[in-house]
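# Breakdown of the fold
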Amino acid sequence: MTWMRGLRWSGELALALSLAACGGPTQRQPDRPPVQEVPGGSPAATPVAPGGPVPTSPAVRRGLPLPAPQAVRSHEDLRRQAAQRLVAANPDGTYMGEVPPELLAIPVLEVELNQDGSIRRIRVLRKPTQAEDTIEVAIAAVRRAAPFGDVSRLPKPWKFVEVFLFDDDRRFKPRTLDD
């Protein structure tokens, strides 16, 4: 049964990466190293998008934390809860309607977690060739949504991949919620 979960996760990752590569000529994969590591520990290292502050939810602006994450029983639960927390922590920076036919940018992040659900590392798996600032917006959004709940009962690796579908207003929709 565990190998089936791994196979499903691998298939979803392949689908996410192939969808991310489906943009027009301006969305082709850059000729750069494919992975960028971002340390997860220090709040001082939180990237901020150039050109102004990243929008945050009213609760986050008032200093109120997000509700505690639910217990997760599978990697699929983790992915779905993480995507829902991304939207909850960034309501002014997200959209939930239909995905536009042309997207501004499609960064793909892999988020590795510690046992308690805090961020251990963020890897950029796909960098868009235009609107590169969306990478920092996505990373900041992930950090605002953390922690993602105790993952110690899940088999390792404790990580998930999210595809960020950015529209022309630089708002994103997590691909996981695009059902």
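Placed above this text is the structure.
An account of the accompanying structure is given in this report. (Residues numbered from 1 in each chain as written. Predicted model: local features only at pLDDT ≥ 70, side-chain atom pairs only at ≥ 80, totals over all residues. Heavy atoms only, no water.)

## Brief notes about the overall build of the chain
Worth spelling out the cut-off: Numbering goes from the N terminus for both helices and strands, where a helix is a DSSP run of H or I of at least four residues and a strand is a run of E of at least two. The rule is simple: take the accessible area with a 1.4 Å probe, protein chains only, and divide by the maximum for that residue type; under 20% is buried, over 50% is exposed, in between is partly exposed. Any two residues having at least one pair of non-hydrogen atoms within 4.5 Å are treated as being in contact.
In terms of regular secondary structure, the chain is built from 4 helices and 5 strands. When the helices and strands of the chain are read in sequence order from the N terminus, they spell out α-β-α-α-β-β-α-β-β. A total of 179 residues make up the chain; the buried ones form 44% of that total. A fraction of 77% describes how many contacts in the chain between residues 6 or more apart in sequence connect residues 24 or more apart.

## Details of the nonpolar core
Heads up, the rule is: Side-chain atoms within 4.5 Å are what join buried Ala, Val, Leu, Ile, Met, Phe, Trp, Tyr and Cys residues into a set we call a nonpolar core.
Membership of the largest hydrophobic core comes to 30 residues, with the highest contact counts inside it found for Leu78, Leu109, Leu113, Val142, Phe148 and Phe164. Going through the elements one at a time, helix 3 (75–89), strand 2 (108–113), strand 3 (119–126), helix 4 (133–145) and strand 4 (159–166) are the ones with two or more residues in this core. If sequence neighbours within four positions are ignored, Leu113 has contacts with Leu78, Ser118, Ile119, Arg120, Phe148, Val151, Trp158 and Phe160. Core analysis: the second largest hydrophobic core is formed by 8 residues, Tyr95, Val108, Val161 and Leu165 among them.

## Here we look at the pairing of strand 2
Using the following cut-off: Pairing between two strands requires that DSSP report at least two bridges joining them.
Here strand 2 lies mainly inside the structure; 6 of its 6 residues are buried. Every second residue of strand 2 is oriented toward a common face, with Val108, Glu110 and Glu112 on one face and Leu109, Val111 and Leu113 on the other, all of them buried. Where strand 2 meets strand 3, 6 bridges bridge the pair, whose relative direction is antiparallel. Paired with Leu109 across the two strands is Val124, which belongs to strand 3. In this antiparallel pair of consecutive strands, strand 2 and strand 3, the connection spans 5 residues, and Gly117 shows a positive phi of 90 degrees. Two elements, strand 2 and strand 4, share 5 bridges in a ladder whose sense is antiparallel. Note that in strand 4 the partner of Glu110 across the bridge is Val161.

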